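# Fold and geometry: a report
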Amino acid sequence: MVQEIDKLDVFFMREALKEARKALELKEVPVGAVIAAEGGIVAAAHNLREALQDATAHAEILAIRMACEVLGSWRLTGCTLYVTLEPCPMCAGAIVLSRLDRVVFGASDPKAGACGSLVNIPEDERFNHRPKMSAGVLAEECAGLLKDFFKQKRQKNILT
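Predicted model only: the values in this text are computed from it and were never measured.

Thresholds applied
Residues numbered from 1 in each chain as written. Predicted model: local features only at pLDDT ≥ 70, side-chain atom pairs only at ≥ 80, totals over all residues. Heavy atoms only, no water. Helix = DSSP H or I, 4+ residues; strand = E, 2+ residues; numbered from the N terminus. Expected span 1.5 Å × (residues − 1). Buried < 20%, exposed > 50% of the residue type's maximum accessible area, 1.4 Å probe, protein only. Contact = heavy atoms within 4.5 Å. Pairing = 2+ DSSP bridges. Axes fitted to C-alpha atoms, helices over the stretch in contact; angles between N-to-C directions. Core = buried A, V, L, I, M, F, W, Y, C linked by side-chain atoms within 4.5 Å. Phe/Tyr/Trp six-rings, centres within 6.5 Å; stacked < 30°, edge-to-face > 60°. Salt bridge = Lys/Arg side-chain N within 4 Å of Asp/Glu carboxyl O. Polar contact = N/O pair within 3.5 Å; in protein donor to acceptor, adjacent residues only side chain to side chain.

With that out of the way, let us pick up helix H3 (residues 59-71). The terminal C-alpha atoms of H3, which comprises 13 residues, lie 18 Å apart, in line with the 18 Å expected from a rise of 1.5 Å per residue. Turning to H3, its buried residues number three or more, namely Ala59, Glu60, Ile61, Leu62, Ala63, Ile64, Ala67 and Cys68. Packed against the buried residues of H3 are strand E1 (32-37), strand E2 (40-46), strand E3 (80-85) and helix H4 (89-97). In the segment just after H3, Gly72 is the residue with positive phi, at about 70°.

So this is what it looks like as structure tokens:
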């Protein structure tokens with residue numbers, strides 16, 4: 001059965017891609033995230049691990065922190081996270097703990113994905129909160145951005 005792609009999901013994923021391109025401009029791994037509620041964007045962020053020299057400065061974590069501040073609550077019920085790459089174990093844990101209602105991601109991450117690829121933290125029945133998950137929204141565009149980034153990085157390493 002073919003899953004119908006929601007137009008709102010595409011809109012917000014395009015916004016997450018804009019954030020990923022901001023990361024790319026900073027020579028960061030191009031991952032972007034937005035958190036939406038009631039049809040609008042509450043928070044938007046992109047990877048800043050290199051700029052901040054902070055292992056936790058993933059797009060998802062930064063967006064969750066911002067949304068908590070904006071909404072004045074650590075509980076992000078009623079919110080959806082859109083992220084260009086499948087969340088890692090750290091981010092998947094933060095998703096569960098922040099009580100996000102839903103997560104939509106673009107590209108799967110077979111090496112570090114914790115939302116179905118390696119493990120599936122958000123859908124683990126042992127946790128007291130399980131957000132709804134949607135994968136593959138604008139997957140080719142999201143994956144292409146990452147593939148191009150790492151291809152260029154490898155070529156630079158070969159030349160230096």
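Moving on to the sheet that holds E3. On the basis of which strands lie adjacent, the open sheet formed by five strands has the order E2-E1-E3-E4-E5 and mixed pairing. The outermost strands of the open sheet, each flanked by one partner alone, are E2 and strand E5 (132-135). In this sheet, neighbouring strand axes are inclined to one another by 15° on average, regardless of whether the strands run parallel or antiparallel. Sheet analysis places E1 next to E3, joined by four bridges and oriented antiparallel. Following the sheet pairing, Ala33 is matched in E3 by Val83. Seen against the sheet, H3 touches E1, E2 and E3 and runs at an angle of roughly 140° to E2.

Membership of the largest hydrophobic core comes to 50 residues, with the highest contact counts inside it found for Met13, Ile35, Ile64, Leu76, Leu81, Leu100 and Leu138. Among the elements that make up this core, the one with the highest residue count is H3 (seven residues). Ignoring any residue separated from it by four or fewer positions in sequence, one finds Leu81 in contact with Ala33, Val34, Ile35, Glu60, Ile95, Leu100, Arg102, Val103 and Val104.

Our focus in this paragraph is the packing of aromatic side chains. Within this structure, the stated rule accounts for three aromatic pairs. Aromatic pair Phe11 and Phe12: ring centres 5.1 Å apart, planes at 75°, arrangement edge-to-face. The class of Phe11 is partly exposed, set by a relative accessible area of 44%. Look at Phe149 and Phe150: their rings are 5.0 Å apart centre to centre, the planes differ by 80°, and that puts the pair in the edge-to-face class.

Here the focus is the pattern of salt bridges. Taken as a whole and assessed by the stated rule, the structure comprises six salt bridges. One salt bridge in this structure joins Glu141 and Arg14, with 3.2 Å as the shortest N-O distance. Of this pair, Glu141 sits in helix H5 (residues 139-159) while Arg14 sits in helix H1 (residues 7-25); the two residues are 127 residues apart in sequence, bridging distant segments of the chain. The partly exposed category is assigned to Arg14, whose relative accessible area is 40%. With a closest N to O distance of 3.0 Å, Glu15 and Lys18 form a salt bridge. Of this pair, Glu15 and Lys18 are both found in helix H1, three residues apart, which corresponds to roughly one turn of the helix. Accessibility expressed as a relative area gives 46% for Lys18, which makes it partly exposed. Via salt bridges that share partners, Arg14, Arg21 and Glu141 belong to a single interconnected network.

As for its placement among the helices and strands, His46 is situated in strand E2. Here the alpha-carbon distance between His46 and Leu8, two residues 38 residues apart in the chain, equals 20 Å. Leaving out residues up to four positions away in the same chain, His46 has contacts with Glu19, Lys22, Ala23, Leu26, Val31, Gly32, Ala59 and Leu62. Within the local environment of His46, its side chain forms a polar contact with the side chain of Glu19, the two groups lying 2.8 Å apart.

Tracing the sequence through the fold places Ser134 in strand E5. Given a relative accessible area of 12%, Ser134 falls into the buried group.

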